[in-house]
Structure formats: structure tokens, C-alpha cells
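# Coordinates in review
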Amino acid sequence: MTSRCVHAGQRASHPVFCTILPLHILKHIAAHGEPGHKQWAIATLSVTERLRGRRHAFGYFQPSAGIEEKRRTIFDAEHKERLSGKRMRGEGESKSKDPAVNQAYEGLGTTFDFYAQLFERHSIDDKGLRLDAFVHYGEDYDNAFWNGNQMVFGDGDGKIFHNFTGCLEVIAHELTHGVTQYEADLEYHDQPGALNESMSDVFGVLVKQWKRKDSADKADWLIGKGILAKGMHGRALRSIKDPGAAYDDPALGGKDPQPGHMKQYIKTKEDDGGVHLNSGIPNRAFYLAAAAFGGYAWDKAGPIWYRALTTSLRPRSQFKDAARATIAAARDLFGAAAEKKVEAAWSEVGVI
Amino acid sequence: MRISFSRTGGFAGIRLAAAFEPGVLSPAVEQDVRQLALHAHFFELPGELQSHSPGADRFSYQVSVEDGEHRHEVRISEAAAPPALRALLRLLTELAIQHARSAPAHH
């Protein structure tokens, strides 16, 4: 699936990677990327073609592979809805005067480290993809998103949301959309889309717990804590432990509508078939499994879900497929007792 | 002018919606909406503007506007919206947030 060279003598927590950027991705960026990346992709394609002519064995190796380090770059979109702008901080450079730049830089680094140290994964694509993020996107822009290549953060309108970059699980959530895109590539609608969202919430909250060294019983299991503006009635945007209990405010459309059981599954055309709503069901299954294992959620439940995401799930996987995949992963990784715990979790949310 | 607006999706996944019956918005605001709608060729848009590019957590909009003889409804993926349409969506979003903030609290 991926190519990785772990050199002799390297500690497992600092794997050394060989970076290969597939031709189709380079071509995609050259055709559809933002201006700066287009230029880079075209230049890389040109170098690649020359290398191919000279040294067949190199195939499409990206020549700049340096390799174990992360490669973060933070840009300021300067309150415009476009993905170009001022380059604010590159890898290893000193802090910016802009807190949002530094928060994005640190959050990307923590998420990169989480995937590298726990799963020996080298960046989003496991091939050393550079991590580019734009902050201050748009005016009063109430969102953070993954555009297929980069992370983008608005500032919020200050009335409902603020400080997206100040929330580690938001950053880890967006980066995990990238991981999913390069692995199971879950389609973004209905149950596959809700699984896609759930994976981002699960690994988003795991990165936060790992950073804080929170055990499953001590963690808050909240997504988006701290991004609701002052005066909003809510603890966060979603609760993985207790879907439907994160907020209750008329400005947010009333009470948190997330279901935690298949009996409450929401059929809707909005939100790509309720991907941010029905994700509550697999989210709760993850919490229940993690709570049954006890200790740190990234020790057992995390690797089980990661294995399912990277080896079993497919673009059109349904909740039942996710249940089967994680139950099998639990058995393979930790044996029959673990298998039963994961099975019980999916049963409790009504999926099996 | 009658407007129905909803925004779903985004990282938060929170639905923002508002409906404005004729006479609710001030004439000045109606004129702003009218100008932006004309500039965006809103009434000539197809019923669906969808994006097939990869990515996640973008907004989805459903916008319906009735203004004199003009009447149109469009479902829009944020990633597929050209700049002129985004300007209209920004104004409608702002109006919907004001509307939501003015809703009576039940706490």
C-alpha cells in the first residue's frame, strides 16, 4: 500500500520514510491546484520526467524527499475566500506574531506526530505530503475545512463561533479527512459520509487525549470545545460519549440533534445525507469500545479503528461494514476478549 | 421579496436557516439582496450547483428567492459557488445569523 524505509537503528517513534509522490497526484495538482502549488507540481513533473529519462529505477520519486521531518507551511488568506496569500511560517521557522498562525503550526505538528508515533504513518498520505494550512480565510468565516489538498481555517463570526485554530481536535479532524481520502476514501454522503465524519471526530479527539495524556475515563470526549462564542449555550459542537448533549441554543438551531443509536438515525437530504448528524452513532460505538478497554483510548481502540480505516473500509462502506471491520481488527490485534468488547459496542448502538 | 435560506454542513454541522416573508426586510436590505442576486445571475442558475472535487466539511446551501416576476430555488455546494454568488450567500448568511440571534432564548 505504501512505501516506507525504516532504517536500522532508528527508534520506532522516529521512523525514516521514503517519499514517493504518485504521478496522478502531481498531475491533479498541476491541473487543479492553487497557483503556487500548480507551479510546484509542474516543476516537479518536469524534474520527474527528466529523472525518468535518465534513471528508470527512480520512477516517480519526488527528488526533494528529505525525509523524516514534517513540512508545514502556514499561509494567511488575508480574509479573502481564496487559497493564496502571504506565507507566514515554514517548517522550523520562528514564531509568528499572529497567534492563529502559531496555533495552526503547532496543531499540524501534534497531529503529524500522533500518526507518526502511534501508527508509523508519514503525514496524511503516508508518503510525506507537505502540510499546508491557510488561516484567516474569508470574512467572519464560520468554518474550517479540508479541500482535498490543504487545511483551511476561518476566524468565525465572533457571535456564534470563534478561534477554530485554537482547538486541537478541529485541526486533527481536518487532517484526518485527508488520511481517510488516501485510505478508505469514504464517499461523502449518507452512511459512508457519516463514517468519514466519524473517523475525523474519533482521531480528532484521540489526538487531543494523546496530547493531554487523558485516559478514556478522564477525557471530555468533546469535539469543538472552546469554539462556541461567548454567550452560546453549549459545551462544544459534538459529544462522542453522549451524542445529542453537546449544546442547546436557538442560535445553533436548538438542541444538538446527533443520534447515538440506529433507532434515531436521521434520514435527510441536507448535510450530504446527514453526515455530521449520523456520525454520532459510530462515534458512540468508538467511545463504548474505548471505555470497555479502559486506560488510554489510543492504546487499543485507536489502533483497531485505524486498522479498519486503512485496510478494510471502502468508499461505499456502511455502518455494518465498519462494525465487521473493527471487530475483525480487534480480534487480529488483541484477541477474542477484545473482539467481544468491540462487538458489544456496535450492538449497543444498534448497528449489529 | 420572499427569501428562504438554509446552510448545512461545515465542520460544525449545524443548520442555519431563516425565512423572510415580504415586508420583513427593510427596502434597503432588499435592494442589496436584489443587486447581489442580479450580479450573481441567480435567477438563471441551474437548480443544483454541485462540486465533485475532493474535500470535506464544506457548506451546502439551499436558497429560494421570489422577487416580482423572478422566482428561483438553487441548491449550492460552497466549493462550486463562483465569487459573485458567494457575495450573495455571505449577505444571506449574515441575515440568517441576525435572525437566529434574535430568536427568543429558552434558558
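Residues numbered from 1 in each chain as written. Chains lettered and ligands numbered in written order. Predicted model: local features only at pLDDT ≥ 70, side-chain atom pairs only at ≥ 80, totals over all residues. Heavy atoms only, no water.

All right, on to the overall build of chain A then. A count of helical and extended segments in chain A gives 10 helices and nine strands. A burial count over chain A gives 57% of its 352 residues as buried. Sequence separation of at least 24 residues holds for 56% of the intrachain contacts in chain A that already meet a minimum separation of 6. When the accessible area of chain A is evaluated, it comes to approximately 14,500 Å², of which 50% is carbon and sulfur surface. (Helix = DSSP H or I, 4+ residues; strand = E, 2+ residues; numbered from the N terminus. Buried < 20%, exposed > 50% of the residue type's maximum accessible area, 1.4 Å probe, protein only. Contact = heavy atoms within 4.5 Å. Areas by Shrake-Rupley, 256 points an atom, 1.4 Å probe, with all protein chains shown as cover.)

Our next topic: the interface of chain B and chain A. Where interface size is quoted, it is often the accessible area lost as the parts come together. Each side of the interface is counted separately: chain B has 29 residues, and chain A has 40 residues. Regarding the contact of chain B and chain A, the summed buried area is about 2,800 Å², with carbon and sulfur atoms giving 55% of it. In terms of surface lost to chain A, no three residues of chain B exceed B:F11, B:I14 and B:D57, which account for 25% of the buried area on that side. For A:E270, the salt bridge goes to B:R15, with nearest N and O atoms at 2.6 Å. For the pair chain B and chain A, the number of links is 16 residue pairs in polar contact (both at pLDDT 80 or more). Taken together, the residues of the side of chain B that touches chain A break down into 11 nonpolar, nine polar and nine charged. (Buried area = accessible area lost by both parts, 1.4 Å probe. Salt bridge = Lys/Arg side-chain N within 4 Å of Asp/Glu carboxyl O. Polar contact = N/O pair within 3.5 Å; in protein donor to acceptor, adjacent residues only side chain to side chain. Nonpolar A, V, L, I, M, F, W, Y, C, P; charged D, E, K, R; others polar.)

Residue and element names in this part refer to chain A. Across the sheet, which stays open at both edges, the five strands sit in the order β2-β1-β3-β5-β4 with mixed pairing between neighbours. A single partner strand is all that each edge strand has here, and the edge strands are β2 (86–90) and β4 (144–146). Strand-to-strand twist of the sheet, defined as the mean angle between neighbouring strand axes without regard to direction, takes the value 20 degrees. Bridge analysis of strand β1 (residues 72–76) against β2 gives four bridges, and the strand direction is antiparallel. Along β2, the bridge assignment pairs D76 with K86. Sitting on the sheet, helix α3 (residues 99–119) touches β1, β2, β3 (131–135) and β5 (151–153), and the angle it makes with β1 is about 150 degrees. Of the strands in this sheet, β3, β4 and β5 are in contact with helix α4 (residues 168–182), which crosses β4 at around 15 degrees. (Pairing = 2+ DSSP bridges. Axes fitted to C-alpha atoms, helices over the stretch in contact; angles between N-to-C directions.)

With that settled, the discussion passes to the packing of helix α9 (residues 319–334) of chain A against helix α10 (residues 336–348) of chain A. All names here are of chain A. Closest axis-to-axis distance for the α9/α10 pair is 7 Å, and the angle between their directions is 160 degrees. By the angle between their axes, α9 is roughly antiparallel relative to α10. Seen from above, α9 lies across α10 with right-handed handedness. Residues F319, A322, A323, T326, I327, A330, R331 and F334 of α9 form the contact with α10, whose own contacting residues are A336, A338, E339, V342, E343 and W346. Tallied by class, the residues present in the contact of α9 with α10 amount to 10 nonpolar, one polar and three charged. (Parallel < 35°, antiparallel > 145°, perpendicular 65-115°, else oblique. Left-handed = near helix turned anticlockwise from the far one by under 90°.)

Every α-helix winds through 3.6 residues per turn, so residues three or four apart in the chain are directed the same way. Residue and element names in this part refer to chain B. In this model helix α2 (residues 83–101) runs 27 Å from its N-terminal to its C-terminal C-alpha over 19 residues, within 8% of the 27 Å that 1.5 Å per residue would give. Among the residues of α2, L85, R86, L88, L89, L91, L92, T93, L95, A96, I97 and A100 are the ones counted as buried. Lining the buried residues of α2 we find β1 (2–9), β2 (16–20), α1 (27–39), β3 (48–49), β4 (59–67) and β5 (70–77). (Expected span 1.5 Å × (residues − 1).)

Per the stated rule, a full pass over the model turns up 24 aromatic pairs over all chains. Plain terms: the ring middles of A:F161 and A:F164 are 5.8 Å apart, the flat faces sit at 45 degrees to each other, and that makes the pair tilted. The exposure classification of A:F161 matches that of A:F164, with both residues buried. Three or more aromatic residues joined by ring pairs form one cluster here, namely A:F114, A:Y115, A:F119, A:F203, A:W210 and A:Y306. Across the ring face of B:F11, the terminal group of A:R238 is positioned such that the distance to the ring centre comes to 5.1 Å. (Phe/Tyr/Trp six-rings, centres within 6.5 Å; stacked < 30°, edge-to-face > 60°. Lys NZ or Arg CZ within 6 Å of the ring centre and 35° of its normal.)

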